[in-house]
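Close look at the chain arrangement
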Amino acid sequence: AANRSWRLLDIAQARHRMSAWPEYDPSAAFIHERIVAADEVDAYGHVNHVVYLAWLDACSWRHAETIGLGLDYAVATQRGLAVRSVVLDYLGAARLGDAIAVRTWVVANDGRLLGARRFDVLCGVRRVLRARINYVMLDLTTLKPTRMTEPFRVRLPAVPPVVTKAAQETARAQ
């Protein structure tokens, strides 16, 4: 009976997590496109889970480069955002040769220490993964948390979520 209770609790928590993902304006996203390569596919015939995380990281760095906050800036200032926590929801599978679009939005930036990005991985029009990565600003010399530099505060503004009709109905029901 105890095992059944834990399973029910896990299911309830998963449902809450899934319903708590706000939507963001696709036109506000930075998009990194790619084609699934043979070395990214596992024995099951789909993209391996660790590959998705590598795609999110690559998308973050490409976005950072486009706004002048890439590796050169981090090394020069000895400041950078380090991953604090990751939440991945796998919603489908991508396969060899599939065209992939990794979208990212900055969804939180407290202007001091913490930030977050939201990601969607699309295979055509189908969302196969959504993720949130929380970051902390580090001094790269000491590897200790430190205050954000002005460029991080200014160039990484949080994008507000889109208020959908479904979200409004959910809020009213609570």
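For the structure, check the block above.
Analysis parameters
- Residues numbered from 1 in each chain as written.
- Predicted model: local features only at pLDDT ≥ 70, side-chain atom pairs only at ≥ 80, totals over all residues.
- Heavy atoms only, no water.
- Helix = DSSP H or I, 4+ residues; strand = E, 2+ residues; numbered from the N terminus.
- Buried < 20%, exposed > 50% of the residue type's maximum accessible area, 1.4 Å probe, protein only.
- Areas by Shrake-Rupley, 256 points an atom, 1.4 Å probe, with all protein chains shown as cover.
- Phe/Tyr/Trp six-rings, centres within 6.5 Å; stacked < 30°, edge-to-face > 60°.
- Salt bridge = Lys/Arg side-chain N within 4 Å of Asp/Glu carboxyl O.

1. Some points on the overall build of the protein chain
Broken down by element type, the protein chain carries five helices and six strands. Put simply, the protein chain runs from its N terminus to its C terminus through helices and strands in the order α-β-α-α-β-β-β-β-β-α-α. The burial tally for the protein chain puts 34% of its 174 residues in the buried class. Within the structure as shown, the protein chain displays about 10,500 Å² of accessible surface, and the carbon and sulfur contribution to it stands at 58%.

2. Some remarks on the packing of aromatic side chains
Applying the stated criterion across every chain yields a total of four aromatic pairs. When the centroid spacing of 5.8 Å and the interplanar angle of 35 degrees are considered together, the rings of Tyr24 and Trp105 count as tilted. Residue Tyr24 is found in the loop between α1 (2-19) and β1 (30-35), and its partner Trp105 is found in strand β3 (residues 99-109); the two are separated by 81 residues along the sequence. Owing to a relative accessible area of 2%, Trp105 belongs among the buried residues under this scheme. On the basis of an interplanar angle of 70 degrees and a centroid distance of 5.7 Å, the ring pair of Tyr52 and Tyr90 is categorised as edge-to-face. One end of the pair, Tyr52, is in helix α2 (residues 49-66); the other, Tyr90, is in strand β2 (residues 79-90), with 38 residues separating them in the sequence. Classification of Tyr90 by relative accessible area gives partly exposed; the value is 38%. Among the aromatic residues, those joined into a cluster by ring pairs are Tyr52, Trp55 and Tyr90.

3. What to know about the pattern of salt bridges
Enumeration over the complete set of coordinates arrives at nine salt bridges. Between Asp110 and Arg112 there is a salt bridge, with the nearest N and O atoms lying 3.7 Å from each other. The class for Asp110 is partly exposed, based on a relative accessible area of 29%. Residue Arg112 is classed as partly exposed on the basis of its relative accessible area of 45%. Two residues, Arg118 and Asp120, come together in a salt bridge whose shortest N-O distance is 2.8 Å. Side by side, Arg118 and Asp120 carry an identical accessibility label, which is buried. Each of the salt bridges in this network shares a partner with another, and the network as a whole consists of Glu23, Arg103, Arg118, Asp120 and Arg127.

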